[in-house]
Number of protein chains: 6
Amino acid sequence: MARPVTLFTGQWADLPLEELAEKAGRWGFDGLELACWGDHFEVDKALADDGYVGRVQEVLERNHLNCFALGAHLVGQAVCDPIDSRHRAILPPEVWGDGDPDGVRERAAERMKDTARAAARLGVSQVNGFTGSAIWHMLYSFPPNDFAVIDRGYEDFAERWSPIIDVFDAEGVQFGLEVHPTEIAYDFVTTRRTLDAIDNRESFGINLDPSHFAHQSLDTAQFALEFADRIYHVHVKDSRKRLDGRRSILGSHLNFGEEARGWDFVSPGHGDVDFEALFRALNRIGYDGPLSIEWEDSGMEREWGAQDALAFVRRTDFTPSDVAFDAAMQRS
Amino acid sequence: MARPVTLFTGQWADLPLEELAEKAGRWGFDGLELACWGDHFEVDKALADDGYVGRVQEVLERNHLNCFALGAHLVGQAVCDPIDSRHRAILPPEVWGDGDPDGVRERAAERMKDTARAAARLGVSQVNGFTGSAIWHMLYSFPPNDFAVIDRGYEDFAERWSPIIDVFDAEGVQFGLEVHPTEIAYDFVTTRRTLDAIDNRESFGINLDPSHFAHQSLDTAQFALEFADRIYHVHVKDSRKRLDGRRSILGSHLNFGEEARGWDFVSPGHGDVDFEALFRALNRIGYDGPLSIEWEDSGMEREWGAQDALAFVRRTDFTPSDVAFDAAMQRS
Amino acid sequence: MARPVTLFTGQWADLPLEELAEKAGRWGFDGLELACWGDHFEVDKALADDGYVGRVQEVLERNHLNCFALGAHLVGQAVCDPIDSRHRAILPPEVWGDGDPDGVRERAAERMKDTARAAARLGVSQVNGFTGSAIWHMLYSFPPNDFAVIDRGYEDFAERWSPIIDVFDAEGVQFGLEVHPTEIAYDFVTTRRTLDAIDNRESFGINLDPSHFAHQSLDTAQFALEFADRIYHVHVKDSRKRLDGRRSILGSHLNFGEEARGWDFVSPGHGDVDFEALFRALNRIGYDGPLSIEWEDSGMEREWGAQDALAFVRRTDFTPSDVAFDAAMQRS
Amino acid sequence: MARPVTLFTGQWADLPLEELAEKAGRWGFDGLELACWGDHFEVDKALADDGYVGRVQEVLERNHLNCFALGAHLVGQAVCDPIDSRHRAILPPEVWGDGDPDGVRERAAERMKDTARAAARLGVSQVNGFTGSAIWHMLYSFPPNDFAVIDRGYEDFAERWSPIIDVFDAEGVQFGLEVHPTEIAYDFVTTRRTLDAIDNRESFGINLDPSHFAHQSLDTAQFALEFADRIYHVHVKDSRKRLDGRRSILGSHLNFGEEARGWDFVSPGHGDVDFEALFRALNRIGYDGPLSIEWEDSGMEREWGAQDALAFVRRTDFTPSDVAFDAAMQRS
Amino acid sequence: MARPVTLFTGQWADLPLEELAEKAGRWGFDGLELACWGDHFEVDKALADDGYVGRVQEVLERNHLNCFALGAHLVGQAVCDPIDSRHRAILPPEVWGDGDPDGVRERAAERMKDTARAAARLGVSQVNGFTGSAIWHMLYSFPPNDFAVIDRGYEDFAERWSPIIDVFDAEGVQFGLEVHPTEIAYDFVTTRRTLDAIDNRESFGINLDPSHFAHQSLDTAQFALEFADRIYHVHVKDSRKRLDGRRSILGSHLNFGEEARGWDFVSPGHGDVDFEALFRALNRIGYDGPLSIEWEDSGMEREWGAQDALAFVRRTDFTPSDVAFDAAMQRS
Amino acid sequence: MARPVTLFTGQWADLPLEELAEKAGRWGFDGLELACWGDHFEVDKALADDGYVGRVQEVLERNHLNCFALGAHLVGQAVCDPIDSRHRAILPPEVWGDGDPDGVRERAAERMKDTARAAARLGVSQVNGFTGSAIWHMLYSFPPNDFAVIDRGYEDFAERWSPIIDVFDAEGVQFGLEVHPTEIAYDFVTTRRTLDAIDNRESFGINLDPSHFAHQSLDTAQFALEFADRIYHVHVKDSRKRLDGRRSILGSHLNFGEEARGWDFVSPGHGDVDFEALFRALNRIGYDGPLSIEWEDSGMEREWGAQDALAFVRRTDFTPSDVAFDAAMQRS
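Reading guide: rules and limits
Residues numbered from 1 in each chain as written. Chains lettered and ligands numbered in written order. Predicted model: local features only at pLDDT ≥ 70, side-chain atom pairs only at ≥ 80, totals over all residues. Heavy atoms only, no water. Contact = heavy atoms within 4.5 Å. Buried area = accessible area lost by both parts, 1.4 Å probe. Polar contact = N/O pair within 3.5 Å; in protein donor to acceptor, adjacent residues only side chain to side chain. Helix = DSSP H or I, 4+ residues; strand = E, 2+ residues; numbered from the N terminus. Nonpolar A, V, L, I, M, F, W, Y, C, P; charged D, E, K, R; others polar. Buried < 20%, exposed > 50% of the residue type's maximum accessible area, 1.4 Å probe, protein only. Core = buried A, V, L, I, M, F, W, Y, C linked by side-chain atoms within 4.5 Å. Pairing = 2+ DSSP bridges. Axes fitted to C-alpha atoms, helices over the stretch in contact; angles between N-to-C directions. Parallel < 35°, antiparallel > 145°, perpendicular 65-115°, else oblique. Left-handed = near helix turned anticlockwise from the far one by under 90°. Least-squares fit on C-alpha atoms with pLDDT ≥ 70 in both. Salt bridge = Lys/Arg side-chain N within 4 Å of Asp/Glu carboxyl O. Phe/Tyr/Trp six-rings, centres within 6.5 Å; stacked < 30°, edge-to-face > 60°. Lys NZ or Arg CZ within 6 Å of the ring centre and 35° of its normal. Disulfide = S-S within 2.5 Å. Right-handed = clockwise from strand over helix to strand, strands pointing away.

Student: Got a sec to walk through the interface of chain A and chain C? Specific residues and values, please.
Tutor: Counting residues at the interface gives 31 residues for chain A, matched by 19 residues for chain C. In this assembly, chain A packs against chain C so that about 2,100 Å² is buried in total across both faces, 54% of it on carbon and sulfur atoms. Where chain A packs against chain C, one counts five residue pairs in polar contact (both at pLDDT 80 or more). Going through the elements one at a time, α5 (85-90) and α13 (302-316) of chain A are the ones with two or more residues in the side of chain A that touches chain C. Ranked by the residues each element gives to the side of chain A that touches chain C, the list is headed by α5 of chain A, at three residues. By residue class, the composition of the side of chain A that touches chain C is 14 nonpolar, six polar and eleven charged.

Following this line, the structure appears as structure tokens:
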């Protein structure tokens, strides 16, 4: 009960912030993790328009909502990725520009710097997001990888993100990479290599989202313990494996929500994630930041689900103990 | 015991055919599935040099070995793939040429046609291999896939392979796609889509290799039953999952043989594949072609392993029954 | 939340309808699935007495209850079964008559036709029930079955039920076979054969009850998908396996509720059925009929249990989505 | 290695004894468990023809084979069963007679007495077989069983078999019921009730066959321990569950060997039975009788399989210890 | 809902009874199981001070709480244990005395007799506790145990506890041993031996606590059935295994609450105990005493947890049935 | 096949070395790990009698056996243990002396130093054994441990063993603690603490025996990787869990070999240990020392078992690879 529960607005970008904030407040959320797309938080306006940030804050306050973090996933993705037409659909036109890959990557990097600056203006010290990856597409080593190229992928990440992190440092803002397939880090091994690649700089940490671990058969609670000093933010999102010998864990090039997929995202508490184990691990490492519900379930009505998820977190995230039990059995 | 057991020579291309054939014959194999690389089976020489095929046959016969199939995986991979530097390492120089992607793909397609022709000359009616894929790298849909592009990937496959299959038809040779990650088909769903894309043409079937199914949590025996009329050739290869909450099923961008991988290839009978179930399924569908050992295990000495694998197959592949049991209990 | 939740009255036939309806209404049910025994719905009276149907409707309305389906399990059972003394206990005296098997079967068939007629009078278009089976007792093939006799069992079913279905057709009422051990269909294979035997006539569908699937190790959600166009009604009932090496899955000829049984019925949500998976499958196939709680648990007080079950269904049956999530991440 | 390994001849009745004995001797079996059908052991001739038994013994001796037990399953089945056309196919014509159920049951009972007498003549003190059951077909209690009728089924068994056991007693021969679905006893509960029904008479024991336990999820080793003083003979036979959510554990009214069945018989060591655990339990209870291979596997060639099974038993049935290990660590 | 739910006060001994009773009453507990340490129930005062018992009763009544049992674990532990410095910390000074082991054990035995007398004064007929064990430390037989010494341990228990039980008999009070590692009985085998050692005297029964069974892989519900006539009291406490190949089930000599332990205590409903199975077993054996929550979870705030546990028990402990279901389907 | 396979003689001390060596040589072992009890290797004679060592070597050589290690478990146990009557049974009389605990521990320590000296004389650089533990009996923390006392247990170990290790250093011999319940180290956590307690001195390593890990649910292969630089010797011994809800993992104070135990030792390959995983891990860390079979199985004849175990190791311990497979697919 100790930790605030927020709603990540990325999957609600079809609704204006005004409308979503009103709902979230009414449902009982403690805050919003504002996505930097739709009209939820517009980085360019925040820097260009002196009144913008105040108007956002006013909407939040009116609905008794805090903001502990921004979500800048879409632009971040373009910083390291080989660029293709899919990026056009997720980038602001001015970042996409003429679509020349090098240019897109550079403009995306600049926009990430601006995001740190805008976050600081809003008084928010945490920005979550993706990094993209120059090597993700070489996931399965056939044709056989030249592993020097894989090494080079981590270096490319470090080169592209170091200047961005410099700005985060300067602004007093931290970045939280959502460890996730398609990113430079998506599991234990690659997270360790990623952090090493930037010399474990303090401003670059992790937005821990267990839904991306469960289908890889990874233990999120163990991850929290092993990377304890870099857990800067936590998403509450769930996924479910449905392996019956006919469905592949790799997804079959099917869209989320297709029956024949081997795994899919589901509303928190309806999937494979052991949230109690995760919350106990967060207690152990002293994480007291927000639990931010990233709600996605292609089989459930969204508003019913968001409230169900909030109730789930409220009853599952208990306060840690400060008592040693057998002590009560001993004479003082 | 009914089916011949052959050795796929792809992982032994560092040895001259003469030397490998002598070993395989001595170990007791019934034949070789000749790889179209190294000096094992050279497609260009087979077409250009009238004596070549006879010399290959002579080496086989001297060692009491048959040849039921060729393996043309490396060139096939380049037919549909986006081409990068990794392909250079696996293609003959004349196929790679200047490395321009369109040219590479066209020359690879031509070489596949030649492979059918060369197989016919050798008196072999089965060529196994890969197809490549224009869409494999979009495996995880982020940035979100435009699924029309995915659909287009299957069409691209059909356009590039139909003319190749025409030549196979003309030569009386069948192609067996090794269903495998990085190919157009790698599981139940994508195999169905692939076969549909080419209207289930009879000359295009499957080289069934269970090692690529086990780590996806797929049931190879069930696959054999569902695609019974397209199982043209079978590889005996194994893989093993080692999931402990820290190792990802996705492979962590680590090379095969690395300790921290979530799965790896192992010698047949040492992994997760249920070969008895597979062989029973093959009995049920009437498959009487070769069981071709593709031996790969980064933790085992190769020659010890090949013999161990042969013994494993000999004792596991029993003859099917032709008796109904309760019949013996009934008066005639 | 979209689907109405009803109570099947079969296990409450010791209570008069008046009393049961009052309770069910008070507990919050949306309706009753009236059993055609006890005084809940009397087929003969419904046809003979013009006021009967109106009086039943009045009781329901007074308690704010709908009726979407009748349950005619007991008489249906006698249509195909070899008749023995156990049928006497479950049949109306006029159907049992002198107990001569042929006569019993014929009178039961006639009563099923009347049930369709009575349902139509009541304005209900769904009748659920059993079919019986001429071959169930040959479940385990020893002495070895003559499988021509098994084939004949499906034909017998078709011959006996076709005239009944004709009346259903004429009355605009559908029959829903509760797939269940002791019936002509009790699993995937036998359901397929059963539907084939009557040429998939549209008036003959399925009342899907997962409690009969779980102890057979069958996946009810998968069943719903495979027989999507014949899922006409759904029971919410649960069962639990308790296999410890000493308890047989076959039941040991022990009555339900005995400690030493290998499985037993339990209140919904207390057993092995994965209701969330089932409800998601129902969403996928577009089923919007009632979820009818058939409550049976020999270890739980009945009225406490019925309310517990209702609450369970209300919180588990969520509304499906009409949104694609990654769409919110894309620019329009 | 201590226990003799025999072959039960029931599934080989299409071969003359001469031919089968020659094979079994050559394969290395220690003996045959002769089936009382085909020409393997003919009870009527053994009693009527003074030379018959000697001729059988001569065939065995010539092939270095012992006989520790007879198998009289088919006639035994008819003693308690409701008789139908399936029994005609498994009974000798003179036992079937006119097929009137009461007469069949009586003649079958008489033939079982004769079997004891014939066994004594052959010098064999163990007859294995089935009992049939008046109540098996009421396995699933719907229509609801009158459990007094179930009780009566055990009494019927006792009434019909007590006079038979009297003859066994008189002849110094023991009967071993093969605990098995369709018999009066098929699991722990029903075996206990069966033995109680005949006051645990010493001449009535068990022929333990694990293949009938595995698909019921029963632990055969535990059964051996609990019924230790009635384990008179042991069959080595195996079965395998293949439950994937679509296949029922109940068998779907499909014949053995059908792909869609949820379980099937397989050659020993190829299924779910834990034979090492069973053999350790047999060591613990001091069983030193034969291990009799009842070979049945619809997917394996019979003669290959019999030899595979024999080799399996030889390597799995090790000699028990007579040493306490830590004793070697202690000073005397 | 039939059984009262109490709170065992042992882990709350740092709070005065007044304060704890006020909280427990407010939270909705039905009673307290008073620990005989702290100021919750002081045996010496209860016998010496005529007003003491009344004052305790008054505190309970004021808060609408009953008392069905006392908890005398700490002193009981010293009756059979080899005494070391750890006992000093848990014993009253007058029982510890000079710490000479024989004297400590004798004084502890006398105090247990007094506890029975004090319970009788309070009107409570159940005292729960530990026995200690002379042989627990020989758990793993290395150096190899002389098993005559183990036998002697059970005799020692009988000799030391028989006089205590005499007093319990005289006072009309029952003792409930909490079966638990470190006690003379901690599983099925040792409980049987323990009860046998004292000739199954009726005054010596069991306080069943499932949290001590789960980490041993024991089935508490089965235990309740096997020792049905000695289940005198039930604790509701839970534990959770966390075995990942690196954590030992033996505890690693780490304190409870340490991350690296292989198992730990957790709040009821958060662990491995199947409470529904346990409560169903308690229904079956007719146990209608209290369910006493012994709350211990080093990762959860104590007061939040106690209320969570109470709610868990209220919703899980349903009333048993008094109806046979199929009866409703039969004509009377 | 690369590693020699030896037999640990500890469980055969009832046989004279001459007789055992003859058997082991005939069975095909590569060597013996000589136990320092019985007449197998007598430390006092080795130091006192100049001809003794030569005579032992002669026996080994005559039987074509090597000796890579001694086993000094029994005396080592007494170095740290609280001494009781069980130690008398396993110690030489001159070490036991008057049985005063302090004296026993000191004499045991001196004897361990002598063992190092004797090993050096024999030309053997590895001595395996136990350490005992001052704190093992506090395994389950009730009465609650004072964890400062636990800390003190590791210090006590370090104080007692450091002078012994000094002698090992001086003699060029290594000690291998068999990590094992009842020793100072028995799992991952305690092994780490143990090695830390003596500052990871190089002469103190591990004799890895997987049979002590399996019943604790520990992964021996993982242990080998984590403590790679201290794996000095490996035992091949197996154990099997038999948990059915009635058998405790803690052993029930029953002797090995009792039916009701929850786990027991079994012949290698017959239990829960994954030897292939272990041997692959040993390959990975470069261990090339002996695999020493410590044979113990209370249900199997010892001589049959030793040969079965040797065959098991020979077929399971394959040579590691020195080839990278995909390399064969690439052009050089």
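Now that the structure has been shown, the text picks up again.
Student: Lay out the environment of Glu 110 of chain C in plain terms, naming residues and giving numbers.
Tutor: Residue and element names in this part refer to chain C. Its location among the elements puts Glu 110 in helix α7 (residues 101-122). For Glu 110, a relative accessible area of 40% corresponds to the partly exposed category. Along the sequence, Glu 110 and Val 167 sit 57 residues apart, while their C-alpha atoms lie 9.9 Å from each other.

Student: Talk me through the nonpolar core; I want residue IDs and the actual numbers.
Tutor: Counting residues in hydrophobic clusters, the biggest one holds 226 residues, and the most contacted among them are Phe 41 of chain C together with Phe 41 of chain D. Apart from the residues within four sequence positions on either side, Phe 41 of chain D is in contact with Leu 34, Ala 35, Cys 36, Ala 46, Tyr 52, Val 53, Val 56, Leu 70, Ala 118 and Leu 122 of chain D. Within the second largest apolar cluster, 225 residues are counted, among which are Val 95, Val 124 and Ile 198 of chain A together with Val 53 of chain B.

Student: Got a sec to walk through the sheet that holds strand β5 (residues 174-178) of chain B? Specific residues and values, please.
Tutor: Residue and element names in this part refer to chain B. Read around the closed barrel, the eight strands follow the order β1-β2-β3-β4-β5-β6-β7-β10; overall the barrel is parallel. For strand β3 (residues 70-71) and strand β4 (residues 126-129), the ladder comprises two bridges, and the chain directions are parallel. When the bridges of β4 are listed, Leu 70 appears paired with Val 127. Across the sheet, helix α1 (residues 17-27) touches β1 (5-8) and β2 (31-35), and the angle it forms with β2 is around 155 degrees. Running at roughly 160 degrees to strand β7 (residues 231-236), helix α12 (residues 275-285) makes contact with β6 (204-208), β7 and β10 (291-293) of the sheet.

Student: Pulling in residues and values, what's your account of the packing of helix α7 (residues 101-122) of chain B against helix α8 (residues 147-171) of chain B?
Tutor: All names here are of chain B. It is the contact of α7 with α8, at a shortest axis distance of 9 Å, that shows an interaxial angle of 15 degrees. With respect to each other, α7 and α8 are oriented roughly parallel. Handedness of the crossing formed by α7 with α8: right-handed. Residues Arg 105, Ala 109, Met 112, Lys 113, Ala 116, Arg 117 and Ala 120 of α7 form the contact with α8, whose own contacting residues are Arg 160, Trp 161, Pro 163, Ile 164, Val 167, Phe 168 and Glu 171. A per-class count over the contact of α7 with α8 returns nine nonpolar, no polar and five charged.

Student: Could you give an account of the relation of the copies chain A and chain C, with specific residues and numbers?
Tutor: Superposition record for chain A on chain C: RMSD 0.0 Å, screw rotation 120 degrees, translation along axis 0.1 Å. Read as a symmetry element, the transformation amounts to a three-fold axis.

Student: Lay out the packing of helix α4 (residues 73-80) of chain B against α8 of chain B in plain terms, naming residues and giving numbers.
Tutor: Residues and elements named next belong to chain B. In the contact formed by α4 and α8, the axes pass within 9 Å of each other and the chain directions differ by 130 degrees. In terms of their interaxial angle, α4 and α8 are classed as oblique. Of the residues in α8, those in contact with Gly 76, Val 79 and Cys 80 of α4 are Asp 156, Phe 157, Arg 160, Trp 161 and Ile 164. Its residues assigned to classes, the contact of α4 with α8 comprises five nonpolar, one polar and two charged.

Student: Describe helix α9 (residues 188-197) of chain A, with residues and values.
Tutor: The α-helix advances 3.6 residues per turn, and as a result positions three or four apart in sequence lie on the same side. Residue and element names in this part refer to chain A. Taken residue by residue, α9 has Phe 188, Val 189, Thr 190, Thr 191, Thr 194 and Leu 195 as its buried positions. Looking at the buried positions of α9, the neighbouring elements they touch are α8 (147-171), β6 (204-208) and α11 (220-226). Of the residues flanking the start of α9, the one acting as N-cap is Asp 187, its side-chain oxygen 3.3 Å from the backbone nitrogen of Val 189.

Student: Help me get a handle on unusual backbone geometry, residues and values and all.
Tutor: Omega for the peptide link from Phe 142 of chain E to Pro 143 of chain E comes to -10 degrees, which places this bond in the cis form. Turning to its location among the elements, Pro 143 of chain E is positioned in the loop between β4 (126-129) and α8 (147-171). In this structure, His 253 of chain C takes a positive phi of about 55 degrees despite not being glycine. Mapped onto the secondary structure, His 253 of chain C falls in the loop between β8 (238-241) and β9 (263-266).

Student: Describe the interface of chain A and chain B, with residues and values.
Tutor: By a widespread convention, an interface's size corresponds to the accessible area lost as its parts come together. Counting residues at the interface gives 54 residues for chain A, matched by 54 residues for chain B. At the junction of chain A and chain B, the tally comes to two salt bridges. Linking Glu 226 of chain B and Arg 246 of chain A is a salt bridge whose minimum nitrogen-to-oxygen distance equals 2.7 Å. Across the chain A-chain B interface, the total number found is 20 residue pairs in polar contact (both at pLDDT 80 or more).

Student: So what's going on with the relation of the copies chain A and chain B? Which residues, and what values?
Tutor: Structural alignment of chain A on chain B gives an RMSD of 0.0 Å, achieved by rotating through 180 degrees and translating 0.0 Å along the axis. Read as a symmetry element, the transformation amounts to a two-fold axis. If distances are taken from each C-alpha of chain A to the rotation axis, the shortest is found for His 137 of chain A, at 2.5 Å. Residue by residue, 100% of the interface of chain A is reproduced at the interface of chain B, so both copies engage with the same surface.

Student: If you had to explain the sheet that holds strand β10 (residues 291-293) of chain A to someone new, which residues and values would you point to?
Tutor: Residues and elements named next belong to chain A. Pairing in this closed barrel of eight strands is parallel, and the strands run β1-β2-β3-β4-β5-β6-β7-β10 around the ring. Geometrically, the sheet is characterised by an average inter-axis angle of 30 degrees between neighbouring strands, direction not taken into account. Sheet analysis places strand β2 (residues 31-35) next to strand β3 (residues 66-71), joined by four bridges and oriented parallel. Bridge pairing in β3 places Gly 31 opposite Asn 66. Set on the sheet, helix α4 (residues 73-80) makes contact with β1 (5-8), β2, β3, β4 (126-129), β5 (174-178), β6 and β7 (231-236); between it and β4 the angle comes to about 65 degrees.

Student: Tell me about the packing of aromatic side chains, and please be specific about residues and values.
Tutor: A full pass over the atoms with the stated rule returns 132 aromatic pairs over all chains. Taken together, a centroid distance of 5.1 Å and an interplanar angle of 90 degrees make the contact between Phe 188 of chain B and Phe 223 of chain B edge-to-face. With Phe 188 of chain B in helix α9 (residues 188-197) and Phe 223 of chain B in helix α11 (residues 220-226), the pair connects residues that are 35 residues apart, well separated along the chain. The pair Phe 188 of chain B / Phe 223 of chain B is uniform in exposure class, with both members buried. Among the aromatic residues, those joined into a cluster by ring pairs are Phe 157, Trp 161, Phe 168, Phe 175 and Phe 204 of chain A. Residue placement shows Arg 261 of chain C over the ring face of Trp 263 of chain C; its charged tip is 5.0 Å from the ring centre.

Student: Account for the pattern of salt bridges, naming residues and giving values.
Tutor: Charged atoms that come close allow side chains of opposite charge to pair. Within the structure shown, the criterion is met by 198 salt bridges over all chains. The salt bridge involving Arg 201 of chain D is made with Asp 166 of chain D; its shortest N-O contact spans 2.9 Å. Of this pair, Arg 201 of chain D sits in the loop between α9 (188-197) and β6 (204-208) while Asp 166 of chain D sits in helix α8 (residues 147-171), and the two are 35 residues apart along the sequence. Relative accessible area serves as the criterion here: at 43%, Asp 166 of chain D is assigned to the partly exposed category. Linked through salt bridges whose partners overlap, the residues forming this network are Arg 242, Asp 244, Arg 247 and Glu 259 of chain A together with Arg 284 of chain C.

Student: Describe the side chain of Ser 203 of chain D, naming the residues involved and giving the relevant values.
Tutor: Structurally, the position occupied by Ser 203 of chain D is in the loop between α9 and β6. Taking the relative accessible area as the measure of exposure, Ser 203 of chain D reaches 10% and is therefore buried.

Student: Lay out the state of the cysteines in plain terms, naming residues and giving numbers.
Tutor: Residues and elements named next belong to chain D. Counted by the stated rule, this structure contains zero disulfides over all chains. In this structure Cys 80 is not part of a disulfide, and its nearest cysteine sulfur, from Cys 36, lies 18 Å away. Look at Cys 80 and you get buried, because its relative accessible area is 3%.

Student: Before we move on, could you go through the environment of Ser 252 of chain F and cite the residues and values that matter?
Tutor: Topologically, Ser 252 of chain F is positioned in the loop between β8 (238-241) and β9 (263-266). Judged by its relative accessible area of 2%, Ser 252 of chain F is buried. When the C-alpha atoms of Ser 252 of chain F and Gly 262 of chain F are compared, they prove to be 8.0 Å apart, with ten residues separating the residues in sequence. Not counting the four nearest positions on each side in its chain, Ser 252 of chain F is found in contact with Tyr 186, Asp 187, Val 189 and Thr 190 of chain E.

Student: Pulling in residues and values, what's your account of the pairing of strand β5 (residues 174-178) of chain D?
Tutor: All names here are of chain D. Most of β5 sits inside the fold, with four of its five residues counted as buried. Here strand β4 (residues 126-129) pairs with β5 via four bridges, running parallel. Looking at the pairing, Gly 129 lines up with Leu 177 of β5. As for the winding sense of the linkage, the β-α-β connection from β4 through α8 to β5 is right-handed. As paired strands, β5 and β6 are joined by four bridges and run parallel to one another. Bridge pairing links Gly 176 to Gly 205 in β6. Crossover handedness for the path β5 to α9 to β6: right-handed.

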